[in-house]
Amino acid sequence: MKKSNEKIRNIAIIAHVDHGKTTLVDNMFRQSGVLSGAHNEDNDGFDRVLDSMDLERERGITIAAKNCSVNYKGVKINIIDTPGHADFGGEVERGLSMVDGAILLVDSSEGPLPQTRFVLEKALKLGLGIIVVINKIDRKDARIDEVRNEVFDLLIDLDADESQLELIPLYAIGRDGCLSDDPENLRDDLTILFDRILSDIKPPVYDDEAPFQMLVSDLGYSDYLGRLAIGKVINGVVKNAENLVCIGETLRRPLRVSQIQTYQGLSLTVTEEAHGGDIVVLSGIEDVKIGDTICDNLAPEALPRLRVDEPTVFMKFTINDGPLNGREGKNVQSSRIRERLMRETLLNVAIQVEEPDERDSFIVKGRGEFQMAILIETMRRENFEFCVGRPQVTYRYENGEKLEPIEKLIVDCEEQFMGVVTEKLSLRRGTLEAVDTSSGGRVRLRFSVPSRSLIGYRDIFLTDTKGTGIMSSWLEKYEPYRGDFPMRFTGSIVADRMGKAIPYAIYNLEPRGKMFVQPGDSVYEGMIVGEHAKDNDINVNICKEKKLSNMRAAGKDENVVVTKVKPMTVERAITFIRDDEMVEITPLSIRLRKAILSSQKRHNIEAVKKKLN
């Protein structure tokens, strides 16, 4: 018999990057009693409590979906914090599989941006109830009325049903914990939001007489309990020490639950049983994957598997075979790298790993270059040392025609930069579709661009707009291949021998281009030490010292001053390299290199290519 669990509400928080989602959740915790104490900028225990990863705190974004709960008027509200970046769509999809409603948080100035659209579209397709909150209404450039209209236009554009359109927006200053349904009369608390969650979000529906069923939406690990399976109880009741079965894609495995935990605030609490609609954590399950069904062993019935969008980008991961391998990292063997990548596929449904015929290499597929950069940065912080190639897009072939992924790109910049942005994207096979000049001095441009066009474009865009532009995109469809275009107009300055970079040599090479190394850095043959101003590569001796003699002249012994080098980042490195180049990743360094280190071998390969052409 179907019944509603009125004591539970399951919601997700949907927002674009930097629209105030994590700050609003912090205040929900405070006002519900989960957190106690005054707001303290220097106390990380009270600020951005859901941004638990170091990378999330450093970059100010949500990378992994996380669960927590608050209690209000005797009702437990389970909150899923979803990422706002399209590259982490796999996190979004598994997070939405556990909820019955969502809070759509929109900045009062920027309005709904592409990542908001990306997540909202998936929420509407699942039929989730939506609560709209327009945040940061105290901004000087707030456009409250326009943004409200933009939100309704977006809902209509995404084919929202009548119930989803009949909503009354809320207005908030999430930083201060103030909210109301009237922007002119804000209250000093979030009571209205909590009340709207109870009234507008439907309680989870389940059949208490049916056998137990749970869809695994997330995985965790405990040193004491082992593998943890996280998901919402769809039907029935689960009790401690109960015999169950895990139904995978091809296999069925019996299991025995050793412990049941539920979310209470930011922590987990052990319970003897869990009922339909609640989000639980089961332990005692070793071989389980996201999308599996855990159910009663006497009546095993699989739920529809969790499906995510196909990857659009792939990168090659290999062992570090350079002369400096093993000096800075501990995990250098291909078996360690393989084990780590396979573990990532268990925790992230959007990541796929393939093993090609080439020895000690792996093909890692994902949603975008940013997701790949986060994976690489995470691995280097875990003392891994390896090499990666340039991000490549995944093509499809239908009826002999080559299709490529096309993205919808939204650019927000000052009006004076509109020309240069349009010109650069046109060169990359982008098409301008719409221009909005209603934001006084700024324009919003909508482009249709190939995914490969955006690889390496972000740095160019920030330079062209003097750091004031905002760009975001989402995958729209696959289209016939739009043709080739130059990805880089510069070459590489490549070291021709092993040694240390010398100030005298760097100083004399600076007129040739931009240098990547500083005096004293270790270099080796095939390592890229700079960006050549022309489009060809050059081999140089960056270890060359100044010849000393007994002849002296005025000004000859002045100290050499070299230009300070901007530290290399993972994102900058993987988007700079060409197809014949790689990035060497270690816990301490990020180096660029040629895939073939020997200059003689590279020369022979070029000679063969010229003969064939």
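Residues numbered from 1 in each chain as written. Predicted model: local features only at pLDDT ≥ 70, side-chain atom pairs only at ≥ 80, totals over all residues. Heavy atoms only, no water.

Undergrad: Honestly, the overall build of the chain in this entry has me stumped. Any pointers?
TA: Scanning the chain for helices and strands turns up 15 helices and 37 strands. The 613 residues of the chain split such that 53% are buried. Long-range pairs, those at least 24 residues apart, make up 71% of the contacts in the chain between residues at least 6 apart in sequence. Only carbon and sulfur atoms are counted for the fraction: they give 48% of the accessible area of the chain, which is about 28,600 Å². (Helix = DSSP H or I, 4+ residues; strand = E, 2+ residues; numbered from the N terminus. Buried < 20%, exposed > 50% of the residue type's maximum accessible area, 1.4 Å probe, protein only. Contact = heavy atoms within 4.5 Å. Areas by Shrake-Rupley, 256 points an atom, 1.4 Å probe, with all protein chains shown as cover.)

Undergrad: How should I be thinking about the side chain of Thr586 in this particular structure?
TA: Structurally, Thr586 can be placed in the loop between β36 (581–585) and β37 (590–594). In terms of polar contacts, Thr586 uses its side chain to reach the backbone amide nitrogen of Ser589, at 2.8 Å. Aside from chain neighbours lying at most four places away, what touches Thr586 is Glu328, Arg380, Phe384, Glu385 and Arg591. (Polar contact = N/O pair within 3.5 Å; in protein donor to acceptor, adjacent residues only side chain to side chain.)

Undergrad: Would you explain the packing of helix α10 (residues 418–427) against helix α12 (residues 457–464) in this entry?
TA: At a minimum axis separation of 10 Å, α10 and α12 run at an interaxial angle of 160 degrees. Classified by the angle their axes make, α10 and α12 are roughly antiparallel. As for the relative orientation of α10 and α12, their crossing is right-handed in sense. Counting all contacts with α10, which are made through Val420, Val421, Lys424 and Leu425, the residues of α12 involved are Tyr457, Ile460, Phe461 and Asp464. Of the residues in the contact of α10 with α12, the class split is six nonpolar, no polar and two charged. (Axes fitted to C-alpha atoms, helices over the stretch in contact; angles between N-to-C directions. Parallel < 35°, antiparallel > 145°, perpendicular 65-115°, else oblique. Left-handed = near helix turned anticlockwise from the far one by under 90°. Nonpolar A, V, L, I, M, F, W, Y, C, P; charged D, E, K, R; others polar.)

Undergrad: Is there a simple way to think about helix α8 (residues 334–347) in this case?
TA: Two residues of an α-helix separated by three or four positions point the same way, owing to the 3.6 residues in each turn. A rise of 1.5 Å per residue sets the reference length of α8, with its 14 residues, at 20 Å; its end C-alpha atoms lie 20 Å apart and thus fit the reference within 8%. Every buried residue belonging to α8 is among Ile337, Arg340, Leu341 and Glu344, and all of these are buried. Mapping the buried residues of α8 onto a view down its axis gives an arc of 95 degrees, with all of them on the same face. Lining the buried residues of α8 we find β20 (313–318), β21 (352–354), β22 (361–366), α9 (369–381) and β23 (386–388). (Expected span 1.5 Å × (residues − 1). Arc of directions from axis to C-beta.)

Undergrad: In this structure, what is going on with the nonpolar core? I would like to understand it.
TA: One broad trend across soluble globular proteins is that nonpolar side chains are buried collectively. Counting residues in each nonpolar core, the largest one holds 38 residues, and the members touching the most others are Leu96, Leu104, Leu120 and Ile130. Among residues more than four places away in sequence, those in contact with Ile130 are Ala102, Leu104, Leu120, Ala123, Leu124 and Leu167. Counting residues in each nonpolar core, the second largest holds 28 residues, with Val388, Met568, Val570 and Ala573 among its members. (Core = buried A, V, L, I, M, F, W, Y, C linked by side-chain atoms within 4.5 Å.)

Undergrad: Explanation requested: unusual backbone geometry in the structure shown.
TA: Negative phi characterises most residues that are not glycine, and trans characterises most peptide bonds. Even without being glycine, Asp159 reaches a positive phi, approximately 60 degrees. Structurally, Asp159 is set in the loop between α5 (144–157) and α6 (162–165). Assessed through its relative accessible area of 68%, Asp159 is described here as exposed.

Undergrad: Which parts of the structure should I look at to understand the sheet that holds strand β11 (residues 226–235)?
TA: In a beta sheet, neighbouring strands are held together by backbone hydrogen bonds and run either parallel or antiparallel to one another. Strand order in the open sheet formed by eight strands is β14-β13-β19-β10-β11-β18-β15-β16, and the pairing between neighbours is antiparallel. Of all strands in the sheet, those with a lone pairing partner are β14 (252–256) and β16 (267–271), marking the two edges. Pairwise comparison of adjacent strand axes, ignoring direction, gives a mean angle of 40 degrees for this sheet. (Pairing = 2+ DSSP bridges.)

Undergrad: Help me understand the confidence of the model for the chain in this model?
TA: For residues with low pLDDT, the predicted coordinates do not support detailed interpretation. This prediction gives the chain a mean pLDDT of 83; 89% of its residues lie at or above 70. Taken element by element, the chain is modelled with least confidence in helix α2 (residues 54–59), mean pLDDT 54, and with most confidence in β23, mean pLDDT 95. (pLDDT = per-residue confidence, 0-100.)

Undergrad: Explanation requested: α5 in the structure shown.
TA: Taking 1.5 Å of rise per residue, 14 residues should cover 20 Å, and α5 covers 20 Å from first to last C-alpha, within 8% of that figure. Considered for burial, the residues of α5 that qualify are Ile144, Val147, Val151, Leu154 and Leu155. Across the axial projection of α5, the buried residues extend over an arc of 100 degrees, all falling on one side. Backbone geometry just downstream of α5 places Asp159 in the positive-phi region, at approximately 60 degrees.

Undergrad: Explain the pairing of β22 to me, please; I cannot follow it from the model alone.
TA: The two faces of the sheet receive side chains in turn, since in a regular strand these alternate between them. Across the six residues of β22, six count as buried, placing the element largely inside the fold. Neither face of β22 is exposed, since Ser361, Ile363 and Lys365 on one face and Phe362, Val364 and Gly366 on the opposite face are all buried. Inspection of the sheet shows β20 paired to β22 by six bridges, in the antiparallel sense. Looking at the pairing, Phe314 lines up with Lys365 of β22. With three bridges joining them, β21 and β22 adopt antiparallel strand pairing. Residue pairing across strands places Gln352 opposite Lys365, the latter belonging to β22.

Undergrad: I tried to follow the environment of Leu158 on my own but got confused; where do I start?
TA: Among the structural elements, Leu158 can be located in the loop between α5 and α6. With relative accessibility at 11%, the residue Leu158 sits in the buried group. With 34 residues separating them along the chain, Leu158 and Leu124 place their C-alpha atoms 7.7 Å apart. Ignoring anything within four residues of it in the chain, the contact list for Leu158 reads Arg117, Leu120, Glu121 and Leu124.

Undergrad: Which parts of the structure should I look at to understand the packing of aromatic side chains?
TA: For any pair of aromatic rings, the description rests on two quantities: the centre-to-centre distance and the angle between the ring planes. Under the defined criterion, the tally for this structure stands at five aromatic pairs. Plain terms: the ring middles of Tyr72 and Phe194 are 4.9 Å apart, the flat faces sit at 20 degrees to each other, and that makes the pair stacked. Here Tyr72 is found in strand β3 (residues 66–72), whereas its partner Phe194 is found in helix α7 (residues 191–200), with 122 residues between them in sequence. Across the pair, Phe194 and Tyr72 agree in class, each one buried. (Phe/Tyr/Trp six-rings, centres within 6.5 Å; stacked < 30°, edge-to-face > 60°.)

Undergrad: Which parts of the structure should I look at to understand the state of the cysteines?
TA: Each disulfide consists of one covalent bond between the sulfur atoms belonging to two cysteines. The final tally for this structure, using the stated rule, is zero disulfides. Here Cys246 is not cross-linked by a disulfide; its sulfur's nearest cysteine counterpart is in Cys295, at 8.3 Å. Note on Cys246: relative accessible area 1%, which makes it buried. (Disulfide = S-S within 2.5 Å.)

Undergrad: Explain the pairing of strand β5 (residues 101–107) here, please?
TA: Taking burial as the measure, the seven residues of β5 include seven buried ones, the bulk of the element. Here β5 shows a buried face lined by Gly101, Ile103, Leu105 and Asp107 and a second buried face lined by Ala102, Leu104 and Val106. Relative to β5, strand β2 (residues 8–15) runs parallel, the two sharing five bridges. Across the sheet, the residue bridging to Ala12 is Ala102, located in β5. The pairing of β5 with strand β6 (residues 129–135) spans seven bridges and is parallel.

Undergrad: What is the right way to read the environment of Thr575 from this model?
TA: If you trace the backbone, Thr575 turns up in helix α14 (residues 570–576). The exposure class of Thr575 is buried, given its relative accessible area of 14%. Separated by 121 residues in the primary sequence, Thr575 and Leu454 have C-alpha atoms spaced 9.5 Å apart. The contacts of Thr575, once residues within four sequence positions are left out, are Glu369, Arg390, Ile455 and Gly456.

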